[in-house]
Amino acid sequence: MSFWRVLLAIFFPPLSIVDKGCGSVLIVLLLTICGWVPGVIAALVILNNPDK
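The rules behind each value
- Residues numbered from 1 in each chain as written.
- Predicted model: local features only at pLDDT ≥ 70, side-chain atom pairs only at ≥ 80, totals over all residues.
- Heavy atoms only, no water.
- Helix = DSSP H or I, 4+ residues; strand = E, 2+ residues; numbered from the N terminus.
- Rg over C-alpha atoms; globule rule 2.2 N^0.38 Å.
- Phe/Tyr/Trp six-rings, centres within 6.5 Å; stacked < 30°, edge-to-face > 60°.
- Buried < 20%, exposed > 50% of the residue type's maximum accessible area, 1.4 Å probe, protein only.
- Patch = residues over 30% accessible without salt bridge, like charges linked within 9 Å, V, L, I, M, F, W, Y side chains within 5 Å.
- Areas by Shrake-Rupley, 256 points an atom, 1.4 Å probe, with all protein chains shown as cover.
- Salt bridge = Lys/Arg side-chain N within 4 Å of Asp/Glu carboxyl O.

Turning to the overall build of the protein chain, a few remarks are in order. A count of helical and extended segments in the protein chain gives four helices and zero strands. The linear arrangement of helices and strands in the protein chain, starting from the amino end, is α-α-α-α. Expected size for 52 residues packed as a compact globule is a radius of gyration near 10 Å; at 10 Å, the protein chain falls within 12% of this value. Dimensions of the protein chain, computed from C-alpha atoms along their principal axes, come out at roughly 25 × 20 × 15 Å.

Below, the discussion takes up the packing of aromatic side chains. Describing an aromatic ring pair means giving the distance of the ring centres and the angle of the ring planes. Inspection of the entire model under this criterion finds one aromatic pair. Summarising the aromatic geometry, the rings of Phe-3 and Trp-4 are spaced 5.3 Å apart at their centres and angled 70 degrees between planes, so their arrangement reads as edge-to-face. Look at Phe-3 and you get exposed, because its relative accessible area is 55%.

As a further point, take a nonpolar patch on the surface. A cluster of nonpolar residues, Leu-8, Phe-11, Phe-12, Leu-15 and Val-18, forms a patch on the protein surface that exposes about 510 Å² of accessible area. Secondary-structure assignment places Leu-8 in helix α1 (residues 3-11).

Following the criterion strictly, the structure yields one salt bridge and no others. Its salt-bridge partner being Arg-5, residue Asp-19 comes within 3.2 Å of it at the nearest N-O pair. Placement of the pair is Asp-19 in the loop between α2 (13-16) and α3 (22-34) and Arg-5 in helix α1, with a sequence separation of 14 residues. On the basis of relative accessible area, Asp-19 is assigned to the exposed category, the value being 53%. Among the residues examined, Arg-5 registers a relative accessible area of 30% and is labelled partly exposed.

Now the structure itself:
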């Protein structure tokens, strides 16, 4: 997880995980619309996942 990805996840969470797949982007986008903090948390969790 790079420094720039973390900053992008804080300021615009869906854009930071574009390469992780459409489902992940959609989930993070919906969480960001519901509230900024859940979107940031979801983006950081997805970025921190070593499987993908």
